[in-house]
Amino acid sequence: MAVPLAFFCLFFAYPVAAIVGRGLKGDDGWRFGRIGEVLARPDIGDVLWFTTWQALASTALTLLLALPGAYVFARFEFPGKQLLRAVVTVPFVLPTVVVGTAFLALVGRGGLLDELWGVRLDTTVWAILLAHVFFNYAVVIRTVGGLWAQLDPRQEEAARVLGAGRFAAWRRVTLPALAPAVAAAALMVFLFTFTSFGVVQILGGPAYSTLEVEVYRQTAQLLDLPTAAVLTMVQFVAVGAILGVHAWTVRKRETALRLVDPAHTAHRPRGTGQRLLLGAVLLTVAVLVLLPLGVLVERSFDAPGGYGFGYYRALQDAGAGGGTFLVPPLESIWNSLQYAVAATAIALVIGGLAAAALTRRGGRFVRGFDALLMLPLGVSAVTVGFGFLITLDEPPLDLRTSWILVPLAQALVGVPFVVRTMLPVLRAVDGRLREAAAVLGASPLRAWREVDLPLVRRALLIAAGFAFAVSLGEFGATVFIARPDRPTLPVAVARLLGRAGEMNYGQAMALSTILMLVCAVSLLVLERLRPDKTSGEF
Amino acid sequence: MSTTKKIAGSALAVALGVSTLAACGGSSGGSEAKPKTITLVSHDSFNVTPAVLKEFEQQSGYTVKVLKSGDAGAALNQEILTKGSPRGDVFFGVDNTLLSRALDNGIFTPYEAKGLAGVGAEYQMDKEHRVTPVDSGDICVNYDKAYFAEKKIAPPQTLDDLIKPEYKDLLVTENAATSSPGLGFLLASVGKYGDAGWKDYWTKLKANGVEVVDGWEQAYNQRFSGSAGGKKAKGDRPLVVSYASSPPVEVIYGEPKPTEAPTGVATGTCFRQVEFAGLLKGAKNEEGGKALLDFLVSKKFQEDMPLQMFVNPVVKDAKLPEDFTKFGAVIDKPETVAPDAIAKNREQWVKTWSSLVVK
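Residues numbered from 1 in each chain as written. Chains lettered and ligands numbered in written order. Predicted model: local features only at pLDDT ≥ 70, side-chain atom pairs only at ≥ 80, totals over all residues. Heavy atoms only, no water.

Right, let's get into the overall build of chain A. On a plain count of helices and strands, chain A comes out with 24 helices and 2 strands. The buried share among the 538 residues of chain A stands at 58%. Expressed as a percentage of contacts within chain A between residues at least 6 apart in sequence, the contacts between residues at least 24 apart total 78%. Accessible area for chain A stands at about 21,100 Å²; split by element, carbon and sulfur atoms hold 65% of it. (Helix = DSSP H or I, 4+ residues; strand = E, 2+ residues; numbered from the N terminus. Buried < 20%, exposed > 50% of the residue type's maximum accessible area, 1.4 Å probe, protein only. Contact = heavy atoms within 4.5 Å. Areas by Shrake-Rupley, 256 points an atom, 1.4 Å probe, with all protein chains shown as cover.)

Structure below.
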């Protein structure tokens, strides 16, 4: 527990506290009066209001569209299901720049809808809401669908035999069992949309701003640290509350449910109704998830000299984009992979140790620590990035220009995923096995290697896969600290999008497609490793 | 618990081992006597021809490391935050709209660069030489030549023209709160109409259908009908706030290269931006930093700059490339606002502007 705690304090709590403190501390000491001043400003009021209502609307819309999907993925057997489940998860780990770009290509000026029907949704709130559904569809599918697949359908059947109607049986039996999972999924979606940054920045235009976007503007552009500090604290409190409620629903979900092997609950759709439902869900997935991804791929091949690999070939030139890069953009793939490996290693060590500590100990303190490790998911990357700048500036920790900073920041986001994946599995390991090994003379390390490791290897691999995919896609923090000669894939995409000219745009599309492929492959491998008995929380 | 502790021990060793290696890798080659590396911190737009930089490295015996960090505003703010313990030796990229923020925060050590005598006096805005002028550029309204030829109306030339009825719903500009050309255009109106008149001007501009987008990329590459990107994105605004050097860019990166620029510059709408570099306080390699500043105002670098960053040299006898003079516009009378006035009023101007135009 000491190591994860130290890591968390050094690379998260300390930098964030330092930058917030800088904002709130005047020459004459602390100025907490600023909190009231900032919150009373009408423009800040607008931001708070927009942040909240768009998150609520996004969550509602996501649940509306994804819950039928969760049912279909849980209960129906159809060809290509595994592949489709991996594909709908791709957006979740895609960087927001790519998602924003995909949506611009679809609903923006000159986008597909514009060409077909003259419909443009860019700079409207609809584009933001739809992009949020695209992003979070998988959260509902995985959290709710995962549990739904393990609920014993015979319980509902029993209720019907006893005379309950179809709906009444579902409402009395399935819904109560499912409710905590739905609540947990809704809260996760709410958390992700409440802290939305890239989507709102690219699709929202100057009129819309979330707390996270406003923190970025106040910090990076206006250097108004007091305002940024107050907004960071507001977001902190909000995220803390969301996580608190989330932890509570998760605990409720852990109360005994009779779970069965999902392989036995799914069947081929029967009758017109079920086939229609399957069709409707597949159509939703096609329009909401596959279409934006498809448009991206299409654009990447639409080179000036006709369809082909023109943009992909251009990625090998160092001079591409008028010298935007010191190295060929293609090298960013290699950079990204290296960073991701390092970030995964750090996240596994820190997350694994945290999960181990959480399994062995109980109590309020440890539960608080659990929630604490989730906090990086909800804190502005610019706050962390600027915090790094002012705290990690003295030897032996002058890491500001060192490459290790990138994996460290990425690992911060990866750790919560590792903890969430490992925790249920570790809790299931029977302590008596370990004791037996010790009695037979095994050293603690040997006991761990012989007992724990074989049991958790699979979960470990899955956690690694998630941490890997997340760090591949991480953009917010990386963009502040990635060195110019070693851009990651998402940073390279953003740089290409920021330059004039057709070639740059096309190369951005090509790189995004490559990133998508890398993410999809790691997720497919993950699907293969998915253990049958655990419902991961992501 | 002992298991956890053991794993913890080895984990920490791994984590720290990796970072120690990284730290060693970063500082290798640095000797006690004289640092061999100069670190230049700049924004994302900094570019130099590799051969030109190599020549400087060979002559001076230093290696130059460039650290780009975000757009101009963000890059400067990071320098202010790390004041006294900078990441590099020289910072390039503070312009006259942000100059007073940099100077008030005292992030620079004064140094009079060799060759400063050759730099035009109008660019030397700091008498103490805490900053050295490096380039200048004009933020101007660009127009789509084809559009105005087809409609048979003359393109606008001045700020006054833009509020005339024949140019209704044609202009797209950037958010002055978040974009430097957006702020430059706001300052052009302040320069022209004064503190009393600019609000009135923007009220009329708003009534005449000006559209505001977040950044330059969106305005120029998505909405403007005259640029290569805008054409592809089916932009429908023939007037955009960009730079006087944008037409040459359209020619040089054209595919195939056109014989004439597809866009023109409304020369009476311009605000002049000057960019500076300075030696950072607390720099590890002060001598090298000074040499780099000399290099930035050397004729070699100044003549390389136009086609790398699309800005104008500030050294009087630096020659401009042919593409630049042929397709670009020379602005004789740009609007200007004194840095002190900008420092005092910028925030209030932007706030007023936002409530007038964005909301």
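Residue and element names in this part refer to chain B. Using the criterion set out here, one finds 1 disulfide over all chains in the structure. One disulfide in the model links Cys 140 with Cys 270; its S-S distance is 2.0 Å. Across the S-S bond linking Cys 140 and Cys 270, the dihedral sits near 115°, which makes this disulfide right-handed. Here Cys 270 lies in strand 9 (residues 263-280) and Cys 140 lies in strand 5 (residues 132-144), a separation of 130 residues in the sequence. Pair check on accessibility: Cys 140 and Cys 270 agree, each one buried. (Disulfide = S-S within 2.5 Å.)

This next bit is on the pairing of strand 3 (residues 90-95) of chain B. All names here are of chain B. By the criterion of burial, strand 3 is predominantly enclosed, with 6 of the 6 residues buried. As defined by bridge partners, strand 1 (residues 37-42) adjoins strand 3 across 2 bridges and the pair is classed as parallel. Paired with Leu 40 across the two strands is Val 90, which belongs to strand 3. Alignment of strand 3 against strand 9, held across 5 bridges, turns out to be antiparallel. Residue pairing across strands places Phe 92 opposite Ala 277, the latter belonging to strand 9. (Pairing = 2+ DSSP bridges.)

This part takes up helix 18 (residues 381-391) of chain A. Most of helix 18 of chain A sits inside the fold, with 11 of its 11 residues counted as buried. Those residues of helix 18 of chain A lying buried are Ala 381, Val 382, Thr 383, Val 384, Gly 385, Phe 386, Gly 387, Phe 388, Leu 389, Ile 390 and Thr 391 of chain A.

Residue and element names in this part refer to chain A. Residues Leu 116, Trp 117 and Val 119 make up a contiguous nonpolar surface patch of about 350 Å² in total accessible area. You can see Trp 117 is positioned in helix 6 (residues 112-117). With relative accessibility at 63%, the residue Trp 117 sits in the exposed group. (Patch = residues over 30% accessible without salt bridge, like charges linked within 9 Å, V, L, I, M, F, W, Y side chains within 5 Å. Salt bridge = Lys/Arg side-chain N within 4 Å of Asp/Glu carboxyl O.)

It is worth spelling out the nonpolar core at this point. Ranked by internal contacts, the top residues of the largest apolar core, which has 207 residues, are Val 94, Phe 108 and Phe 301 of chain B. Here the element with the most residues in this core is helix 7 (residues 125-148) of chain A; it accounts for 16 residues. For Phe 108 of chain B, the contacting residues outside a window of four places in its chain are Phe 91, Val 94, Ala 102, Leu 103, Arg 130, Val 131, Gly 278, Leu 279, Leu 280 and Lys 281 of chain B. Leu 183, Leu 205, Phe 271 and Val 350 of chain B belong to the second largest nonpolar core, which has 32 residues in total. (Core = buried A, V, L, I, M, F, W, Y, C linked by side-chain atoms within 4.5 Å.)

Here the focus is unusual backbone geometry. All names here are of chain B. Of note, the phi angle at Lys 152 is positive, near 55°, even though the residue is not glycine. If you trace the backbone, Lys 152 turns up in the loop between helix 5 (145-151) and strand 6 (171-174). Take Lys 152: its relative accessible area is 74%, and that puts it in the exposed class. With phi around 60°, Asp 169 is a residue other than glycine that occupies positive phi space. As for its placement among the helices and strands, Asp 169 is situated in the loop between helix 5 and strand 6.

Residue and element names in this part refer to chain A. With respect to the helices and strands, the residue Phe 12 is situated in helix 1 (residues 2-24). For Phe 12, a relative accessible area of 2% puts it in the buried group. Counting along the chain gives 372 residues from Phe 12 to Val 384, while the straight-line C-alpha distance between them is 6.8 Å. Setting aside its immediate chain neighbours within four residues, Phe 12 contacts Phe 7, Leu 375, Pro 376, Val 379, Val 384 and Leu 412.

What follows deals with the packing of aromatic side chains. Centre-to-centre distance and the angle between the planes together describe a pair of aromatic rings. Applying the stated rule across the entire model yields 25 aromatic pairs over all chains. Relative to Tyr 312 of chain A, the ring of Phe 309 of chain A has its centre 5.6 Å away and its plane inclined at 65°; by these criteria the two rings are edge-to-face. Classification of Phe 309 of chain A as exposed rests on a relative accessible area of 51%. The class for Tyr 312 of chain A is buried, based on a relative accessible area of 14%. Judged by centre distance (5.6 Å) and plane angle (80°), the rings of Phe 185 of chain B and Trp 202 of chain B are edge-to-face. Here Phe 185 of chain B matches Trp 202 of chain B in class, with each residue buried. Taken together, the aromatic side chains of Tyr 143, Tyr 147, Phe 148 and Tyr 167 of chain B make up a single cluster linked through ring pairs. (Phe/Tyr/Trp six-rings, centres within 6.5 Å; stacked < 30°, edge-to-face > 60°.)

This part takes up the side chain of Thr 232 of chain A. With respect to the element layout, Thr 232 of chain A can be found in helix 12 (residues 225-253). Setting aside residues up to four positions removed in sequence, Thr 232 of chain A forms contacts with Val 20, Val 215 and Thr 383 of chain A.

Next up on the list: the pattern of salt bridges. As enumerated under the stated definition, the model contains 16 salt bridges over all chains in all. When the shortest N-O distance is used, the salt bridge between Arg 299 of chain A and Glu 298 of chain A registers 3.9 Å. Since its relative accessible area comes to 18%, Arg 299 of chain A is described here as buried. Judged by its relative accessible area of 33%, Glu 298 of chain A is partly exposed. Where Asp 126 of chain B meets Arg 130 of chain B, a salt bridge forms, and the shortest distance between an N and an O atom there is 2.9 Å. A relative accessible area of 6% means that Asp 126 of chain B is categorised as buried. Each of Glu 211, Arg 223, Asp 236 and Arg 237 of chain B takes part in salt bridges that share partners, so that together they form one network.

Bringing the confidence of the model for chain A into the picture now. Residue and element names in this part refer to chain A. Taken residue by residue, chain A gives an average pLDDT of 79. The fraction at 70 or more is 86%. Considering each helix and strand of chain A separately, the mean pLDDT is smallest for helix 15 (residues 320-323), with a value of 44, and largest for helix 3 (residues 42-75), with 91. Ignoring residues within four places in sequence, the model shows residues 320-324, a span with pLDDT below 50, making 15 contacts including any to other chains. Low pLDDT, under 50, characterises residues 532-538; the stretch is placed with 23 contacts to residues that sit more than four places away or in other chains. (pLDDT = per-residue confidence, 0-100.)

Our focus in this paragraph is the packing of helix 3 of chain A against helix 9 (residues 166-194) of chain A. Residues and elements named next belong to chain A. Their axes nearest at 9 Å, the elements helix 3 and helix 9 cross at an angle of 135°. One finds that helix 3 runs oblique with respect to helix 9. Taken as a pair, helix 3 and helix 9 cross one another with a handedness that is right-handed. Seen from helix 3, the contacting residues are Thr 51, Thr 52, Gln 54, Ala 55, Leu 56, Ser 58, Thr 59, Thr 62, Leu 63 and Leu 67; seen from helix 9, they are Val 182, Ala 186, Val 189, Phe 190, Thr 193 and Phe 194. Per-class residue counts for the contact of helix 3 with helix 9 are 9 nonpolar, 7 polar and no charged. (Axes fitted to C-alpha atoms, helices over the stretch in contact; angles between N-to-C directions. Parallel < 35°, antiparallel > 145°, perpendicular 65-115°, else oblique. Left-handed = near helix turned anticlockwise from the far one by under 90°. Nonpolar A, V, L, I, M, F, W, Y, C, P; charged D, E, K, R; others polar.)

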